[in-house]
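Structure assessment
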Amino acid sequence: MSNNKSIQRIAIIGTGVIGASWAALFLAKGLEVVATDVAPGAEAALRRFVDQAWPALTRLGLEPGASRSKLTFASDLPTAVKGVDLVQENGPERIDFKKKLYQQLDELLPPDVIIASSSSGLTMSEIQSGARLHPERCVIAHPFNPPHLVPLVEIVGGAKTSEATIQRTSEFYTSLGKQTVRLRKEVPGHVANRLQAALAREVYYLVADDVISVTDVDKALCWGPGLRWGIMGQVLLNHLGGGQGGIEHFFQQFTAPMTAWWKVLGSPELTPAVQQKLIAGLHEEVGSRSVAELEAQRDEVLLGLIELRKKVENAPAVVTKTARAS
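Structure report, in brief.

So, how was this worked out
- Residues numbered from 1 in each chain as written.
- Predicted model: local features only at pLDDT ≥ 70, side-chain atom pairs only at ≥ 80, totals over all residues.
- Heavy atoms only, no water.
- Helix = DSSP H or I, 4+ residues; strand = E, 2+ residues; numbered from the N terminus.
- Buried < 20%, exposed > 50% of the residue type's maximum accessible area, 1.4 Å probe, protein only.
- Patch = residues over 30% accessible without salt bridge, like charges linked within 9 Å, V, L, I, M, F, W, Y side chains within 5 Å.
- Areas by Shrake-Rupley, 256 points an atom, 1.4 Å probe, with all protein chains shown as cover.
- Salt bridge = Lys/Arg side-chain N within 4 Å of Asp/Glu carboxyl O.
- Core = buried A, V, L, I, M, F, W, Y, C linked by side-chain atoms within 4.5 Å.
- Contact = heavy atoms within 4.5 Å.
- Pairing = 2+ DSSP bridges.
- Axes fitted to C-alpha atoms, helices over the stretch in contact; angles between N-to-C directions.
- Right-handed = clockwise from strand over helix to strand, strands pointing away.
- Phe/Tyr/Trp six-rings, centres within 6.5 Å; stacked < 30°, edge-to-face > 60°.

1. Quick word on the environment of Gly 246
Looking at the element boundaries, Gly 246 is found in helix α11 (residues 246-263). Given the relative accessible area of 3%, Gly 246 is considered buried. Linking Gly 246 and Leu 236, residues 10 residues apart in sequence, is a C-alpha distance of 9.3 Å.

2. Some points on a nonpolar patch on the surface
On the surface, a nonpolar cluster with roughly 500 Å² of combined accessible area is contributed by Trp 261, Trp 262, Val 264 and Leu 265. Locating Leu 265 in the fold gives a position in the loop between α11 and α12 (272-286).

3. Considerations on the nonpolar core
Ranked by size, the top nonpolar core spans 31 residues in total, and within it Ile 10, Ile 12, Phe 26, Phe 172 and Tyr 173 carry the most contacts. Elements with a contribution of two residues or more to this core: β1 (9-13), α1 (17-28), β2 (32-36), α2 (42-60), β5 (114-117), β6 (138-143), β7 (152-157) and α6 (163-175). Per-element tally for this core: the top contributor is α1, with eight residues. Residues contacting Ile 12, with those up to four places away along its chain left out, are Gly 19, Trp 22, Ala 23, Phe 26, Val 33, Val 34, Ala 35, Thr 36, Gln 88 and Asn 90. Counting residues in each nonpolar core, the second largest holds 23 residues, with Val 34, Val 87, Met 124 and Ala 131 among its members.

4. Examining the sheet that holds β2
Strand order in this open sheet of eight strands is β3-β2-β1-β4-β5-β6-β7-β8, and the pairing throughout is mixed. Only two strands of the sheet have a single partner each, and these edge strands are β3 (71-73) and β8 (179-182). Mean inter-strand twist for the sheet, computed between neighbouring axes without regard to direction, equals 25°. As paired strands, β5 and β6 are joined by three bridges and run parallel to one another.

5. Overview of the pairing of β5
Of the two faces of β5, the one carrying Ile 114 and Ala 116 and the one carrying Ile 115 and Ser 117 are both buried. Bridging between strand β4 (residues 86-89) and β5 involves four bridges; their strand directions are parallel. Its bridge partner being in β5, Gln 88 is matched across the sheet by Ala 116. Each parallel crossover has a hand, and the one from β4 via helix α4 (residues 95-108) to β5 is right-handed.

6. A closer look at the packing of aromatic side chains
Under the counting rule described, the total for this entry stands at six aromatic pairs. Measuring from centroid to centroid gives 5.2 Å for Trp 22 and Phe 26, while their planes differ by 15°, and the two rings are stacked. Pair noted here: Trp 22 and Phe 26 are both in helix α1, with a separation of four residues, about one helical turn. Just as Trp 22 is buried, Phe 26 falls in that class too. For the ring pair Phe 250 and Phe 251, a centre distance of 5.8 Å and an interplane angle of 65° mean the geometry is edge-to-face. Under the relative-accessibility criterion, Phe 251 is labelled partly exposed at 40%.

7. Points about unusual backbone geometry
Residue Asn 145 is joined to Pro 146 through a cis peptide bond whose omega torsion reads 0°. Take Pro 146: it is sitting in the loop between β6 and β7. The phi dihedral of His 190 is positive, around 60°, even though this residue is not glycine. Looking at the secondary structure, you find His 190 in the loop between β8 and α7 (192-208). Judged by its relative accessible area of 3%, His 190 falls in the buried class. Even without being a glycine, Asp 210 presents a positive backbone phi close to 60°. Secondary-structure assignment places Asp 210 in the loop between α7 and α8 (214-222).

8. Let's talk about the pattern of salt bridges
Summed over the entire model, instances satisfying the criterion amount to 14 salt bridges. For Glu 300, the salt bridge goes to Arg 59, with nearest N and O atoms at 3.1 Å. Of this pair, Glu 300 sits in helix α13 (residues 291-314) while Arg 59 sits in helix α2, and the two are 241 residues apart along the sequence. You can call Arg 59 partly exposed: its relative accessible area is 37%. In this structure, Asp 216 and Lys 219 form a salt bridge, with 3.9 Å as the shortest nitrogen-oxygen distance. Placement of both Asp 216 and Lys 219 in helix α8 is noted, with a separation of three residues, approximately one turn of the helix. When its relative accessible area of 36% is taken as the criterion, Asp 216 is described as partly exposed. With relative accessibility at 46%, the residue Lys 219 sits in the partly exposed group. Several salt bridges converge on common partners, so that one network encompasses Arg 59, Glu 300 and Glu 307.

Limitation: the analysis is restricted to geometry and does not speak to function.
See below:
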């Protein structure tokens, strides 16, 4: 596979929440997008999503050539993938479906076209077993929702994915302003979702065990460590938590209490009763706010954070005295 081929035309397979968000992002970056989905009303829903996302993408900055007119919709797979440089696949999380789809794509596409899956749970080694001709060009490119705003993309190769594909895929998403991370081995759920799952386990346990309410556990997260996680990752924050001694001092001070907490972390069972407790607590927290209102609130704050991070990253470093992170 050549690493020099420019990626200008993208096929979006599956235009649900993730696929539509990818489409909006690619259009904002000046790329051509052809989408396909067998669901009734898929094209209208996709165009509606892109229109709704466009103001936020405009605020973040459109690339030269960005235009919603570069979006086309195809009713069948062969038409959708004709002449494309990369396929962003967002189909159902069913291995039988994926393997059949990848067999079709593998037979339809030239060998230098990357087939990237947004799969959050399946491994590429399983998926690419359906692509018998050129499995080396198949790769996981898992975004974080919503992809048109959240920069993270996890890049994971399968057993037969080539290093050239990994490199070219990473370079492509990085060129769009995404923050890519490469997984060195396949694990169920990749990395970001595993981190979420680990945190969710303790959140659900604390609520189920009547330690705290849903409202207060969400408040503890978003107004405490969540604020810091929007700036730096856990290990870097541990480094700051060690003060002038850095992470070395952090481990000296906190290894014992931290590992002691690990031993008593919960392993809740999501029984119907526990689920109902979480559901009731959630609705108490939400009140009369609709899902659309909550999404708008999330996206507005997220946009502000992204803009602030860009501003800080592009500015000269300024050292100030601050309280040591605990």
